[in-house]
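# Descriptive analysis of the structure
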Amino acid sequence: MYWAMVGTGAVCVAIMAAMGVAAVVREWVPPRGAGLVLRPRLWGAGVLMSAVGLGSFMFLGPLAADPPAVNRYVPLAGMAVNIAGLGLQTYARRPGRTPRLPPTSTTAAS
């Protein structure tokens with residue numbers, strides 16, 4: 001049962017990482033599930049952060065092969081990285097800043 005959980009977790013983290021790489025490199029976002037994403041590269045970076053954080057939490061925490069050898073705060077740091085990635089994904093759904101244009105003159109030059 002342990003190896004089934006490890007295998008399932010590894011597949012899920014690998015799929016998340018693949019979606020993040022696709023979003024960063026090709027600006028591709030899955031058509032469903034992600035909702036309206038206005039900045040796909042930022043969303044992909046958030047997905048990559050979540051994949052790294054979730055993977056480190058799972059494989060250094062509950063699914064660790066040798067639990068006493070790992071510091072107990074490392075999985076919690078992985079969960080914090082996961083939550084930061086989720087925040088980045090949420091931030092990617094907001095519109096970016098509009099560029100400031102230089103002031104234009106209102107009078108016609110003659």
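Residues numbered from 1 in each chain as written. Predicted model: local features only at pLDDT ≥ 70, side-chain atom pairs only at ≥ 80, totals over all residues. Heavy atoms only, no water.

To continue, consider a nonpolar patch on the surface. A grouping of Val-21, Val-24 and Val-25 is seen on the molecular surface, where their side chains present a nonpolar patch of about 230 Å² in accessible area. Turning to its location among the elements, Val-25 is positioned in helix α1 (residues 2-26). A relative accessible area of 56% places Val-25 in the exposed class. (Patch = residues over 30% accessible without salt bridge, like charges linked within 9 Å, V, L, I, M, F, W, Y side chains within 5 Å. Areas by Shrake-Rupley, 256 points an atom, 1.4 Å probe, with all protein chains shown as cover. Salt bridge = Lys/Arg side-chain N within 4 Å of Asp/Glu carboxyl O. Helix = DSSP H or I, 4+ residues; strand = E, 2+ residues; numbered from the N terminus. Buried < 20%, exposed > 50% of the residue type's maximum accessible area, 1.4 Å probe, protein only.)

Right, let's get into the packing of helix α2 (residues 40-60) against helix α3 (residues 74-91). Close contact between α2 and α3 brings their axes to 7 Å; oriented N to C, the two are set at 160 degrees. When the axis of α2 is compared with that of α3, the two are roughly antiparallel. As α2 runs across α3, the sense of the crossing is left-handed. Taken together, the residues of α3 that come into contact with α2 (itself represented by Leu-42, Trp-43, Ala-45, Gly-46, Val-47, Met-49, Ser-50, Gly-53, Leu-54, Ser-56, Phe-57 and Leu-60) are Val-74, Pro-75, Gly-78, Met-79, Val-81, Asn-82, Ala-84, Gly-85, Leu-86, Leu-88, Gln-89 and Tyr-91. For the contact of α2 with α3, the residue count by class is 16 nonpolar, eight polar and no charged. (Axes fitted to C-alpha atoms, helices over the stretch in contact; angles between N-to-C directions. Parallel < 35°, antiparallel > 145°, perpendicular 65-115°, else oblique. Left-handed = near helix turned anticlockwise from the far one by under 90°. Contact = heavy atoms within 4.5 Å. Nonpolar A, V, L, I, M, F, W, Y, C, P; charged D, E, K, R; others polar.)

Let us look at the packing of aromatic side chains. Summed over all chains, the structure comprises one aromatic pair. Ring geometry for Tyr-2 versus Trp-3: centroids 5.1 Å apart, planes at 75 degrees, classification edge-to-face. For Tyr-2, a relative accessible area of 30% gives the class partly exposed. Classification of Trp-3 by relative accessible area gives exposed; the value is 66%. Seen from the ring of Tyr-91, Arg-39 lies directly overhead, with NZ or CZ sitting 4.8 Å from the centre. (Phe/Tyr/Trp six-rings, centres within 6.5 Å; stacked < 30°, edge-to-face > 60°. Lys NZ or Arg CZ within 6 Å of the ring centre and 35° of its normal.)

Listed in full, the six residues of the largest apolar core are Ala-23, Val-29, Val-37, Trp-43, Val-47 and Ala-92. Ignoring any residue separated from it by four or fewer positions in sequence, one finds Val-47 in contact with Met-16, Gly-20 and Gln-89. By size, the runner-up hydrophobic cluster in this structure holds five residues, among which are Val-6, Ala-51, Met-58 and Leu-63. (Core = buried A, V, L, I, M, F, W, Y, C linked by side-chain atoms within 4.5 Å.)

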